[in-house]
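# Per-entry structural report
Spelled out, the chains give:
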Amino acid sequence: MKKLFLALAVITLYVLHQDFWFWRTAYPLVFGFVPVGLFYQACFSVAAALLMWLLVKFAWPGHLEREVEQHRDEEDAA
Amino acid sequence: MIPAIVVFLYLATVLYIGIFAFRRAKSKREAEDYFLASRSLGPFVFLFSLFGTNMTAFAILGSSGHAFSNGIVTYGLMASSSGLVIPLTIFFVGTRVWALGKKHGFMTPVQMFRDRWECGHIGTIIFLVQAVLLVPYIIIGIMGGGTTLNAISGGFVPFWFGGAIVAMVVMSYVFFGGMRGTAWVNTFQTVLFLLFGAIALIVIGVGMGGFGSAVQAMQSSPALAPLLTRERISPLYFFSYTFIPLSAIAFPHILIFCLTARRMNQFKKTVIFYPLCIMAIWLPCVFLGVMANRVGDVPEIRAKQEARRVLATQGKTLPPEVRDDLREESAGDDVILLLLQRYAPLWLAGLLGAGIMAAVMASDSQILALSTMFTEDVFAYYGHKERFGEAVQVLMGRIFIVLITMFAYVVALQAPETIFELAIQYAFSGFAALSPLLIAALFWKGSTKWGALATTVWTAAAVAAVAIFQSIVPAPAPGPSTVMWSIGGAEVLSRTPGGTAVFGFMPVVPMVIISALLMIVVSLVTRKPAETTLAKYFS
């Protein structure tokens, strides 16, 4: 369930990158000088960082490191 | 001259770091120490060097230059999509490659492919395609170095000499310091160019008297207002760009960097902070590139705008070679440098110039990766390591570094394309089309060496086809594309002002999709590797 939610979050963010709703307008100017299309994409970058944090927190492939350690132990034993 | 002197001091510093790393090397003769820093990079160096190695001249000069001509769309095209796709690929692919490298001792992607698919010469073909695609990336660095030193010194240092200095410095610290030197230099450079964006934004903003009035003035100009929106770019083209960042993990230097982490936990900070690091460098550069259009008292910028205007208004009636000249004149790769010269005090322009050089000189990792690939995938694989020993292998790697740098320098002097176009059209699209190799090797038991061969040959053919097509069919003037092939009113193949379009998409989209399909179809009808081999990867 957790993985399904994370997969949906990745797909949703990918789709949200195509922000056609701000395609032909610069307004509103955020902080008085940043066109809204640019501001949206900057917020998208922050959202991407949050998504990465969620992936690291809930879907980290820790088994890979355990496999490496196990492999090293087996080699040392041999 | 003061900014140029500061930049030369910076170059001396990175040279010292590289040579210092040489002294710290555990063994100057061991291949794993020279090429992978003994797989021992700590978390801070790993994060900044992995990020820094993926930022080239392109990140500062190319982004601001592209934004100068195309507007705010540049950020969404390359930066924000990269901020999502690249950390995802590092998360899913990079960590797995790290684990396999630790377990089986791989030093290059081709070593892994050879083992995974039980192949020999097919691995050599993959090496050749990777090497040919990587060279343009190195050329970008040298071209960026020449452009930067030329602009910072006010034309005192000619392009050819600036490029030569950058090539020599990079070659020297890679030659002596290997991966350890490259990683340390990259870390130092990344810190510098992350600071660059914020400082440049403040200095230029203050110099321009704030951005609010400049944006309002652009909005009221019919020629400049579209730069504050994305109306000049089609949504299909915008979507196409999300395929380009797939190239990052397929670049051998990125994958080889993934092998240098001491522990897998070091990937955590890298994937989380990657989108923010990209934003810190790209957002100010893109915004400043757009704002450069409102700077009326810099003759070089006015000349670029005039060339752009002539191209837009009279382009259709001009011969292709004149259009190409105008395109080159209107290219904005040096606008950020011109802005610094105009608005920053001399000493600060020097420091910021050093920040730009930091990004420009990221070609070090590519040079080292090519050397690692040559010595491991060719020299060692074909028995020369056993015959001559590891010390000769490292020596061969160093000789290769000298030769490839010299070759890239000579090509950089001849290359007519702008930094941005050269990178996108060849290296990025090609490596994106090679990404199915990694996905299949790591996640699909059923993939085979013949599928890998089909994918690789297709990538090479497609890149060559795009290059030939664009050299035969001249780019049209800004405006509608030249349709070369259509079926029932649908435009199949078009020559656009900026490149090529297939069904309205950039070539990278069909290249990646066909690449993946070839891997699937060919693998389904050919023999799989032995169960013992599969067990190493899918236990």
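Counting restarts for each chain: residues are numbered from 1 in the order of the written sequence. Both sets of labels track the order of writing: A upward for chains, 1 upward for ligands. For this predicted model, a pLDDT threshold of at least 70 governs which residues receive local features, and a threshold of 80 or more governs which side-chain atom pairs are given and counted, while totals over whole chains, interfaces and linings are taken from all residues.

### Focus on the overall build of chain A
Convention followed: Working definition: helices are DSSP H or I runs of at least four residues, strands are E runs of at least two. Numbering for both runs from the N terminus. Residues are called buried when their C-beta atom has 20 or more other C-beta atoms within 10 Å, exposed when it has 12 or fewer, and partly exposed otherwise; all C-beta atoms are positioned from the backbone.
Of regular secondary structure, chain A possesses 3 helices and 0 strands. Helices (α) and strands (β) of chain A occur, in sequence order from the N terminus, as α-α-α. Seen through its C-alpha atoms, chain A measures out along the principal axes to roughly 70 × 25 × 15 Å. Residues counted as buried form 19% of the 78 residues belonging to chain A.

### What to know about the packing of helix α2 (residues 36-59) of chain A against helix α13 (residues 266-291) of chain B
Test applied: Think of each axis as a best-fit line through the C-alpha atoms, taken over the contacting stretch in the case of a helix, with angles from 0 to 180 degrees between the N-to-C directions. By the definition adopted for this analysis, an angle is roughly parallel if under 35 degrees, roughly antiparallel if over 145, roughly perpendicular if from 65 to 115, and oblique otherwise. Placing C-beta atoms from the backbone, we regard two residues as in contact once those atoms come within 7 Å. Under the grouping applied here, Gly and all other residues not named as nonpolar or charged are polar, the nonpolar ones being Ala, Val, Leu, Ile, Met, Phe, Trp, Tyr, Cys and Pro and the charged ones Asp, Glu, Lys and Arg.
It is the contact of α2 of chain A with α13 of chain B, at a shortest axis distance of 7 Å, that shows an interaxial angle of 170 degrees. When the interaxial angle is binned, α2 of chain A and α13 of chain B end up roughly antiparallel. Contacts from L38, A42, S45, A48, A49, M52, W53 and V56 of chain A of α2 of chain A reach α13 of chain B at K268, V271, I272, P275, L276, I278, M279, L283 and F287 of chain B. Among the residues making up the contact of α2 of chain A with α13 of chain B, the classes are represented as 15 nonpolar, 1 polar and 1 charged.

### Re the sheet that holds strand β2 (residues 490-496) of chain B
All names here are of chain B. Filter applied, for reference: Two strands make a pair as long as DSSP finds a minimum of two bridges between them.
On the basis of which strands lie adjacent, the open sheet formed by 3 strands has the order β1-β2-β3 and antiparallel pairing. Each edge of the sheet is formed by a strand with only one pairing partner; in this case those strands are β1 (482-487) and β3 (499-502). On average, adjacent strands in this sheet sit at an angle of 10 degrees to one another, irrespective of strand direction. As judged from the 5 bridges shared by β1 and β2, these two strands associate in the antiparallel manner. Bridge pairing in β2 places V483 opposite S494.

### Some thoughts on the pairing of β3 of chain B
All names here are of chain B. Where β2 lies against β3, 4 bridges are found, and the strand directions are antiparallel. The residue bridging T496 from the neighbouring strand is G499, located in β3. What sits between β2 and β3 in their antiparallel hairpin is a turn of 2 residues.

### Section: the confidence of the model for chain A
For clarity, the cut-off: Predictor confidence is given residue by residue as pLDDT, running from a minimum of 0 to a maximum of 100.
Put simply, chain A has an average pLDDT of 93, and 100% of its residues get 70 or more. Averaged over each element, pLDDT in chain A is lowest for helix α3 (residues 62-77) of chain A (87) and highest for α2 of chain A (97).

### Considerations on the interface of chain A and chain B
Quoted interface sizes are often the accessible area lost when the parts come together. Chain A puts 32 residues into the contact, and the matching count from chain B is 37 residues. Elements supplying a minimum of two residues to the side of chain A that touches chain B: α1 (2-16), α2 and α3 of chain A. Sort the elements by how many residues they give to the side of chain A that touches chain B and α2 of chain A lands first, with 12 residues. Here the side of chain A that touches chain B is composed, by residue class, of 21 nonpolar, 8 polar and 3 charged.

### Looking at the nonpolar core
All names here are of chain B. This is how the line gets drawn: Joining buried Ala, Val, Leu, Ile, Met, Phe, Trp, Tyr and Cys residues through C-beta atoms within 7 Å gives a set, and that set is a nonpolar core.
W282 and A432 are the most contacted members of the largest nonpolar core, which has 199 residues in total. A per-element tally of this core places helix α8 (residues 159-207) first, with 20 residues. When residues no more than four places from it in sequence are discounted, the contact partners of A432 are F243, I244, L246, S247, A250, V508, M511 and V512.

### Section: the pairing of β1 of chain B
Buried residues are scarce in β1 of chain B, accounting for 0 of its 6 residues. Linkage of β1 of chain B to β2 of chain B, two consecutive antiparallel strands, is achieved through a turn of 2 residues, within which G488 of chain B is found at a positive phi near 55 degrees.

### A short note on the confidence of the model for chain B
Residue and element names in this part refer to chain B. In the predicted model, chain B carries a mean pLDDT of 88, and 96% of its residues have values of at least 70. Confidence scores differ between elements of chain B, with helix α17 (residues 346-360) showing the lowest mean pLDDT of 75 and helix α23 (residues 508-524) the highest of 97. For this predicted complex, the interface confidence comes out at an ipTM of 0.96, alongside a pTM of 0.91.

### Section: α2 of chain A
Rules: How far a helix is expected to stretch is found by multiplying one less than its residue total by 1.5 Å.
Between its terminal C-alpha atoms α2 of chain A stretches 33 Å, which fits the 34 Å expected from 24 residues at 1.5 Å a residue. Taken as a whole, α2 of chain A has its buried residues at G37, L38, Q41, A42, F44, S45, A48, A49, L51, M52 and L55 of chain A. Where α2 of chain A is buried, its residues touch α1 of chain A together with α5 (73-104) and α13 of chain B.

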